[in-house]
Amino acid sequence: MITGATGQIGSAVLRLAAANPNLDVVGAVRSAEKAETLGFPAVLLDFDRPETLAPALEGVDRVFLMTGYTIRMFRQNRDFLNAARRADVEHIVHLGAPGDDDTPVEHWLWHQFIERYIEWSGFSFTHLRPEIFMQNLLGYGGVRVIVNGVIRHYVANARLTWIDGEDIAAVAVESLSKPEEHAEKTYRLGSDVRSYAEIAEILTRVIGQPFAYEARPPNEFLAAALAAGADTAYMQSAYENYAAYTAGTNRGEEKLFSSFVDVTGRKAASVEDFIRRHHDAFSY
Ligand SMILES: NC(=O)c1ccc[n+]([C@@H]2O[C@H](COP(=O)([O-])OP(=O)(O)OC[C@H]3O[C@@H](n4cnc5c(N)ncnc54)[C@H](OP(=O)(O)O)[C@@H]3O)[C@@H](O)[C@H]2O)c1
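Residues numbered from 1 in each chain as written. Predicted model: local features only at pLDDT ≥ 70, side-chain atom pairs only at ≥ 80, totals over all residues.

Caption draft 1: Molecular detail of the overall build of the protein. Along the protein, the regular secondary structure elements total 13 helices and 12 strands. For the protein, the C-alpha radius of gyration of 19 Å lies close to 19 Å, the compact-globule estimate for 284 residues. Seen through its C-alpha atoms, the protein measures out along the principal axes to roughly 55 × 35 × 35 Å. Going through the 284 residues of the protein one by one, you find that 40% of them count as buried. Within the protein, counting contacts between residues at least 6 apart in sequence, those at least 24 apart form 75% of the total. (Helix = DSSP H or I, 4+ residues; strand = E, 2+ residues; numbered from the N terminus. Rg over C-alpha atoms; globule rule 2.2 N^0.38 Å. Buried ≥ 20, exposed ≤ 12 C-beta atoms within 10 Å, placed from the backbone. Contact = placed C-beta atoms within 7 Å.)

Now the structure itself:
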C-alpha cells in the first residue's frame, strides 16, 4: 500500500512500484473521485477517519507511509500503525525528514518520534530521511518559488542538501520489494549541496534566461503560510528553521549521503540534472 498516493513522493513511489513485477500495489486515496482518476488500483484511506483504516489495510503486507505538514501526524500515525499491526502488516517504509538524531528542528524531530513508534510497534522497517526536495524549486504548498526568474526564499546564503523526489521514490521501492535486505535501516538521502544563489547561476546557464536569488526575511514566510491556512505548529517550526539559517546558526548543512547509490547502484540526480529534466517548467 502506498499512502499519499496523490502527493509528490507517493505518486512517484506508486508509479515505480506498479512497474516492479515483484510488487502488487494499491494506492491509498481520500475520496472515490481520487480513486477513479488515480490510474492504479486504489483503496479509500483517510488518516483523520480511523474507521477507514482497517478496511483499507485488509490483505496489505508492506506500506509506504507518508504523513506530514501538520502536527496531527502524531495521532494519524498512531492510529494507522495500530491498525496496521492488527492487520498483520509486516514492513513499513517511512518517509521522514532530514536531520541527525539530535536535530534542533522540531518538525524533523516529530518524524523521528514516528520512526520510534514504528519500531516500538514491532514492524520490520526502513526509515527514509530525505533532505530538501528538488521539487520545492518548482513550487511549495501550491505556491511557485520562482517567478519571472526571481527565486524568493528565506534561508539567506545557506547551502542546503538536495534530493530529487524520484530518487527518494526509487529507494522506497527497492525497500518495499526487498524488505529483508533493507530491514532495520535508516537511509539519509541527499545528493547535491547548493545555495539558492548557486541554483540561480545553474538556472541562468541551463535555461538561458536570467535568474537571481532574493533572500527574504523569514517572518514574511510565516505570515504568508498562516494566511494561506497552513498548520500553525508545522509552519512555526519551519519558520524557526529558516530563521536559524538566516542567522547562520543551523547545524548539519552541507552533508552528502551515499545511501542512494548504495541501494540502487545508480548515480543520484544533481540539481543541474533536475533543472535539465524540468527545463520547460523553469523557463519563463
Ligand atoms: N518538502 C521538502 O523539502 C521535504 C523534505 C523532507 C521531508 N519532507 C516530508 O515529506 C512529506 C511530504 O511529502 P510530499 O511532498 O509528497 O507531500 P504532498 O505532495 O503534500 O502530498 C501529501 C499527500 O498526503 C495525502 N494526505 C493528506 N492528508 C491526508 C489524510 N488525512 N489522509 C490520507 N491522505 C492524506 C494527500 O492526499 P490528497 O490528494 O487527498 O490531498 C497527498 O497524497 C512531509 O512529511 C514532509 O515533512 C518534505
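Caption draft 2: Examining the packing of helix 9 (residues 218–227) against helix 10 (residues 232–247) more closely. Close contact between helix 9 and helix 10 brings their axes to 9 Å; oriented N to C, the two are set at 165°. Relative to helix 10, the element helix 9 is oriented roughly antiparallel. In this structure, helix 9 meets helix 10 at a crossing whose hand is right-handed. Residues Pro218, Phe221, Leu222, Ala225 and Leu226 of helix 9 form the contact with helix 10, whose participating residues are Thr232, Met235, Tyr239, Tyr242, Ala243 and Thr246. Among the residues forming the contact of helix 9 with helix 10, the class breakdown is nine nonpolar, two polar and no charged. (Axes fitted to C-alpha atoms, helices over the stretch in contact; angles between N-to-C directions. Parallel < 35°, antiparallel > 145°, perpendicular 65-115°, else oblique. Left-handed = near helix turned anticlockwise from the far one by under 90°. Nonpolar A, V, L, I, M, F, W, Y, C, P; charged D, E, K, R; others polar.)

Caption draft 3: Examining the sheet that holds strand 12 (residues 212–215) more closely. Taken together, the three strands give an open sheet; going across it, the order is 7-8-12, and neighbouring strands pair in mixed fashion. Lying at the two open borders of the sheet, with one neighbouring strand each, are strand 7 (146–147) and strand 12. (Pairing = 2+ DSSP bridges.)

Caption draft 4: Looking closely at the sheet that holds strand 9 (residues 160–163). As summarised here, the arrangement of the three strands in space is 6-9-11, forming an open sheet in which the pairing is mixed. The open sheet is flanked by strand 6 (132–133) and strand 11 (192–194), the only strands paired with a single partner. Bridging between strand 9 and strand 11 involves three bridges; their strand directions are antiparallel. Following the sheet pairing, Trp162 is matched in strand 11 by Asp192.

Caption draft 5: Molecular detail of the site of the ligand. Around the ligand lies a shell of 24 residues, among which Gly4, Thr6, Gly7, Gln8 and Gly68 are the nearest. Of the residues forming the shell around the ligand, the biggest block, three residues, is contributed by helix 1 (residues 8–18). Looking at the shell around the ligand residue by residue, the class counts come to 12 nonpolar, eight polar and four charged. (Near = placed C-beta within 6 Å.)

Caption draft 6: How the structure looks around the packing of helix 4 (residues 73–86) against helix 5 (residues 106–120). It is at 10 Å that the axes of helix 4 and helix 5 come closest, and there the two elements cross at 15°. Between helix 4 and helix 5, the interaxial angle falls into the category roughly parallel. Considering how the two elements wind past one another, helix 4 and helix 5 form a crossing that is right-handed. Here Met73, Phe74, Asn77, Arg78 and Leu81 of helix 4 lie close against helix 5, whose contacting residues are Trp110, Ile114, Tyr117 and Ile118. Split by residue class, the contact of helix 4 with helix 5 holds seven nonpolar, one polar and one charged.

Caption draft 7: Layout of the pairing of strand 3 (residues 62–65). The alternating pattern of strand 3 places Arg62 and Phe64 on one face and Val63 and Leu65 on the opposite face, and all of these are buried. Inspection of the sheet shows strand 3 paired to strand 4 (residues 91–95) by four bridges, in the parallel sense. Counterpart to Val63 in the pairing with strand 4 is Ile92.

Caption draft 8: Focus on the pairing of strand 9. Neither face of strand 9 is left uncovered, since the one carrying Leu160 and Trp162 and the one carrying Thr161 and Ile163 both have all their residues buried. When strand 6 meets strand 9, the two strands line up parallel, connected through two bridges. For Phe133, the partnering residue across the bridge sits in strand 9 and is Ile163.

Caption draft 9: How the structure looks around unusual backbone geometry. The phi angle at Asp88 is positive, at roughly 65°, despite the residue not being glycine. Considering the arrangement of structural elements, one finds Asp88 in the loop between helix 4 and strand 4. On the neighbour-count criterion, Asp88 (10 C-beta atoms within 10 Å) is exposed.

Caption draft 10: The arrangement of the nonpolar core in detail. Core analysis: the largest hydrophobic core is formed by 75 residues, its most contacted members being Ile2, Val13, Phe64, Ala169, Val171 and Ala172. Ranked by residues supplied to this core, first place goes to helix 6 (residues 165–177) with seven residues. Other than its neighbours up to four places away in sequence, Ile2 contacts Gly10, Val13, Leu14, Ala17, Val25, Gly27, Ala28 and Phe64. (Core = buried A, V, L, I, M, F, W, Y, C linked by C-beta atoms within 7 Å.)

Caption draft 11: View of helix 5. For helix 5, built from 15 residues, the straight-helix expectation of 21 Å at 1.5 Å per residue is met to within 8% by its first-to-last C-alpha distance of 21 Å. Three or more residues of helix 5 are buried, namely His107, Trp110, His111, Ile114, Glu115 and Ile118. Seen along its axis, helix 5 keeps its buried residues to an arc of 150°; they face one direction. The outward face of helix 5, more than 90 degrees from its buried face, is lined by the exposed residues Phe113, Arg116 and Trp120. At the C-terminal side of helix 5, Gly122 shows a positive phi close to 90°. (Expected span 1.5 Å × (residues − 1). Arc of directions from axis to C-beta.)

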